[in-house]
Amino acid sequence: MQGNIRYIVIAIVAGVLFLPLLGHVHLFDWDEINFAECAREMIVSKDYLRVQIDYMPFWEKPPLFIWMQVLSMKLFGINEYAARFPNAVIGVATLLTIYYAGKRIVNQKMATWWVLLYAATWLPHFYFKSGIIDPSFNFFIFIAFFQFHLIKYGEKKMLHAVLSGLFLGLAVLTKGPVALLVSALSLMVYLVVNRGFKGYAIKHFLIILLFAVLVTVSWFGIEILNDGVGLVKDFIAYQIRLFRTEDADHGGPFFYHFIILLFGCFPASVFLFQYSKKRVTDTDQSKDFKKLMWIMFWVVLILFSIVKTKIVHYSSLCYFPLTYLAAVQLYRIGNDQVKLKGIVTSSLLVIGSLLAIIISALPLVGIYKNKLIPLIEDKNAVGNLQANVSWTWMECLWGVLYLIGIWVAVYIMKRNFKRGIITLCVLQLVIIQITVLHFTPKVEAYSQRASIDFFESLKGKDVYVHTLGYKSYAHLFYTEKQPYSSAEYYSKDSEKWLLTGKVDKPTYFVAKLTVYNEYKAMPQLQVIGEKNGFVFFKRK
């Protein structure tokens, strides 16, 4: 009974952290709006098998997460809250799952540390309040790995093999073949480190493969029957393109994700520095799971460091192994099995202080933007900073208080580790909520609100709306675009037709300042407004 109460408490606390105020800020372009728009178009078109964007087949992602958003929109309406609600639910499920996993692999104390640390880490927490695919994908992949581990140590081996295959299949239906790639690479490394199939039988791998295929074919098979193998070819071509090229200017150096995880997964990331060659007594199961988590961590990190396209959430699958490995160290330090290293406390102070300085600097950028603007060459950035966002000196105190809190927590940690780490985690939970609820809407006001306000002004109107010089899905979602009957609109030269062709309804365009002069020179376009880095045109 006491164990059940712990699950109830975790569920309630997670619900309080993740569920409220999900719709307090617009969805962010691209990814959030991309997936929400796919869900909206499913509802409008009543075609729930095919993923669409602008009512054309969208082959980059399978439909599972989109279906989750559709169900949410059926409950809450087509809005920001509904788009983000599935990940909030996944957040609750994640904390319950890692508590169960930690308790089964090590013990209840370690499981509690893992839950607390996961919730108190920046990016894992932040993504549960977003509308992107990755939190759900990561959840399914982790359960597939966990069930794979239990084949070796659980009593119902065949059941765990079935569950591992089912969740691997769900991961494929969430994000595509990348789930198979990550799993296959991790498995190959694990078999090498494990020196073969010790603890497993060939039938277990066949069962995993069978059920993963059955789940995957439940949608891919139907699509192939309906439309042939073109969909699969497009999927594969897209994945290859991500590896070889920088998609949509999202490039970066090889070490990009190392930096993202170090700072974005603070404070959990710092405790990886606690690891050493010193042997600590562990059970065979905990040693094996730790081995699996290290493999999962490095496979994902190296794989997406090689991939040319660099986006923050590409390495988000590292959050599970990273926080587990960090939680193991918290447990060991708390039980006096090892001593807290100086490099850990120093890293907590340095990285925590840098993050606090950034938080304190945000209001200063807004207050002194007129002095900063002459130093900035990027026209779009200059235009974005023109947004009328109210800032005060008092808002700098959030960063100052965070800075003080970091130093106080580390001071306590050196004298009483458990009290210090609890202080740090509570501090993290508070500052993350403040950042999400207070700072994020202000950042959104700079980056995109002017364009979204314009799109919302055209909501429900029978017009064409198109973006020039940049890729966006915001005009589709926020104008509540309906399917057009014009064949020219859906042709490869649709932009040219909208600019120069014989259109059959009022046509509006949005461009950024960097391409303003190019389109202003077109005699058929009339500038009807300019705001915060965006220029609004209408066909004469």
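Residues numbered from 1 in each chain as written. Predicted model: local features only at pLDDT ≥ 70, side-chain atom pairs only at ≥ 80, totals over all residues. Heavy atoms only, no water.

## A few points about the overall build of the protein
Inference 1: When its secondary structure is counted, the protein shows 23 helices and 6 strands.
Inference 2: The C-alpha radius of gyration computed for the protein amounts to 25 Å, which stays within 12% of the reference 24 Å derived for 540 residues, consistent with globular compactness.
Inference 3: The principal-axis extent of the C-alpha atoms belonging to the protein is close to 75 × 60 × 45 Å.
Inference 4: By the burial criterion, 56% of the 540 residues in the protein qualify as buried. (Helix = DSSP H or I, 4+ residues; strand = E, 2+ residues; numbered from the N terminus. Rg over C-alpha atoms; globule rule 2.2 N^0.38 Å. Buried < 20%, exposed > 50% of the residue type's maximum accessible area, 1.4 Å probe, protein only.)

## Topic: empty space enclosed by the protein
Inference 1: Tallied over the full model, the rule gives 1 cavity of 30 Å³ or more.
Inference 2: Its boundaries defined by the atoms lining it, the largest cavity holds a volume of some 70 Å³.
Inference 3: Ile90, Thr94, Tyr118, Pro124, Tyr127, Phe128, Pro135, Asn138, Phe139, Ser316, Tyr319 and Phe320 together form the lining of the largest cavity.
Inference 4: Counting only elements with at least two residues in the lining of the largest cavity, the list comes to helix H4 (80-105), helix H6 (122-127), helix H7 (134-153) and helix H14 (319-334).
Inference 5: With 3 residues, the single largest contributor to the lining of the largest cavity is H7.
Inference 6: Its residues placed into classes, the lining of the largest cavity shows 9 nonpolar, 3 polar and no charged. (1 Å grid on protein atoms, 1.4 Å probe; cavity = no way out; pocket = protein on both sides within 12 Å on 5 of 7 lines; lining within 4 Å. Points joined across faces, edges and corners; volume = space filled by probe spheres on them. Nonpolar A, V, L, I, M, F, W, Y, C, P; charged D, E, K, R; others polar.)

## Thoughts on unusual backbone geometry
Inference 1: Residue Trp30 follows Asp29 across a cis peptide bond; omega there is 5°.
Inference 2: Note that Trp30 resides in the loop between helix H1 (2-18) and helix H2 (31-45).
Inference 3: A cis geometry characterises the amide bond from Phe266 onward to Pro267, with omega recorded as 5°.
Inference 4: Residue placement: Pro267 occurs in the loop between helix H12 (256-264) and helix H13 (284-306).
Inference 5: In this structure, Leu21 is a non-glycine residue whose phi angle is positive, near 60°.
Inference 6: Tracing the backbone through its elements, the reader meets Leu21 in the loop between H1 and H2.
Inference 7: Backbone geometry at Lys46 places phi at a positive 60°, although glycine is not the residue there.
Inference 8: You can see Lys46 is positioned in the loop between H2 and strand S1 (52-53).
Inference 9: Lys46 gets classed as exposed once you look at its relative accessible area, which sits at 64%.

## Observations concerning the layout of surface pockets
Inference 1: What the second largest pocket holds in volume is close to 690 Å³.
Inference 2: Taken together, the residues that form the lining of the second largest pocket break down as 10 nonpolar, 6 polar and 6 charged.

## What to know about the side chain of Gln285
Inference 1: With respect to the element layout, Gln285 can be found in helix H13.
Inference 2: At a separation of 3.2 Å, a polar atom in the side chain of Gln285 contacts the side chain of His149.
Inference 3: Setting aside anything within four residues of it in sequence, one finds Gln285 in contact with Arg104, Ile105, His149, Leu150 and Tyr153. (Polar contact = N/O pair within 3.5 Å; in protein donor to acceptor, adjacent residues only side chain to side chain. Contact = heavy atoms within 4.5 Å.)

## A closer look at the pattern of salt bridges
Inference 1: The tally for this structure, following the rule as stated, stands at 11 salt bridges.
Inference 2: Across the salt bridge formed by Glu37 and Arg40, the nearest N and O atoms sit 2.8 Å from each other. Of the two residues, Glu37 and Arg40 are both situated in helix H2; the distance of 3 residues between them amounts to about one turn of the helix. Of the two residues, Glu37 and Arg40, neither departs from the other in class, the shared state being buried.
Inference 3: Each of Lys152, Asp288 and Lys291 takes part in salt bridges that share partners, so that together they form one network. (Salt bridge = Lys/Arg side-chain N within 4 Å of Asp/Glu carboxyl O.)

## Observations regarding H4
Inference 1: Under the 1.5 Å per step criterion, the end-to-end length of H4 is 38 Å for 26 residues, consistent within 8% with the ideal 38 Å.
Inference 2: At Pro86, H4 shows its strongest bend, of approximately 30°.
Inference 3: Within H4, 19 of the 26 residues are buried, leaving the element largely enclosed by the surrounding structure.
Inference 4: Among the residues of H4, the N-terminal cap falls to Asn79, whose side-chain oxygen and the backbone nitrogen of Tyr81 are separated by 3.2 Å. (Expected span 1.5 Å × (residues − 1). Bend = angle between axes of the 7 residues up to and from the residue.)

## Let's talk about the pairing of strand S5 (residues 525-531)
Inference 1: As judged from the 6 bridges shared by S5 and strand S6 (residues 534-539), these two strands associate in the antiparallel manner. Bridge pairing links Lys531 to Phe534 in S6.
Inference 2: Turn length for the S5-S6 hairpin, with the two strands adjacent in sequence and antiparallel, is 2 residues, and the turn residue Asn532 shows positive phi of about 50°. (Pairing = 2+ DSSP bridges.)

## Thoughts on helix H3 (residues 64-76)
Inference 1: Taking 1.5 Å of rise per residue, the 13 residues of H3 would be expected to cover 18 Å, and the 19 Å separating its terminal C-alpha atoms lies within 8% of that figure.
Inference 2: Residues of H3 that are buried in the fold lie against H2, H4, H7, helix H8 (157-175) and helix H21 (474-478).
Inference 3: Positive backbone phi, at 90°, marks Gly77, one or two positions downstream of H3.

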